[in-house]
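# Overview (structure and organization)
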Amino acid sequence: MTYVVTDNCIKCKYMDCIEVCPVDCFYEGENMLVIHPDECIDCGVCEPECPADAIKPDTESGLDKWLQINTEYAEKWPNITAKKEPPADAKTFDGEAGKFEKYFSAEPGEGD
């Protein structure tokens, strides 16, 4: 099992999860984070820290797409180990449906 970041992170990109991760397995895209599934130790401390409820165990049904996205982009995006401020309009997008199709960016973030 591993944890994955799902679509509610898109355009919210809260980084509370990064502060508690003991193995630094988060990677930063332009408008979301992903977890590297081969680095995640399945401790689960990140899940309750996410204000957008965007982190889920990959054992939940329907998350195959998100496991694939997390795996692919963790290889392409820079590692991030320090919390930054979320986007100023993050609360506007929290909970919006269809965020992947509307807003996902494959561009990398800045990382550390």
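To start, this report covers the structure provided alongside it. (Residues numbered from 1 in each chain as written. Predicted model: local features only at pLDDT ≥ 70, side-chain atom pairs only at ≥ 80, totals over all residues. Heavy atoms only, no water.)

## Topic: the environment of T59
Relative to the helices and strands, T59 resides in the loop between strand 4 (55–57) and helix 2 (64–74). Distance in space between the C-alpha atoms of T59 and F104 is 23 Å, their sequence separation being 45 residues. (Helix = DSSP H or I, 4+ residues; strand = E, 2+ residues; numbered from the N terminus.)

## Re helix 2
Listing the buried residues of helix 2 in full gives W66, I69, N70, Y73 and A74. The buried residues of helix 2 all sit within an arc of 115° when viewed along its axis, so they share a single face. In helix 2, the exposed residues that point more than 90 degrees away from the buried face are D64 and Q68. On the buried face of helix 2, the contacting elements are strand 1 (3–5), strand 2 (26–28), strand 3 (33–35) and helix 4 (99–103). (Buried < 20%, exposed > 50% of the residue type's maximum accessible area, 1.4 Å probe, protein only. Arc of directions from axis to C-beta. Contact = heavy atoms within 4.5 Å.)

## Thoughts on the environment of P108
Note on placement: P108 falls in the segment after helix 4. Measuring from C-alpha to C-alpha, the distance between P108 and P86 comes to 16 Å, with 22 residues separating the pair along the chain. P108 has contacts with E28, G29, E30, W77 and P78, leaving out every residue within four places of it along the chain.

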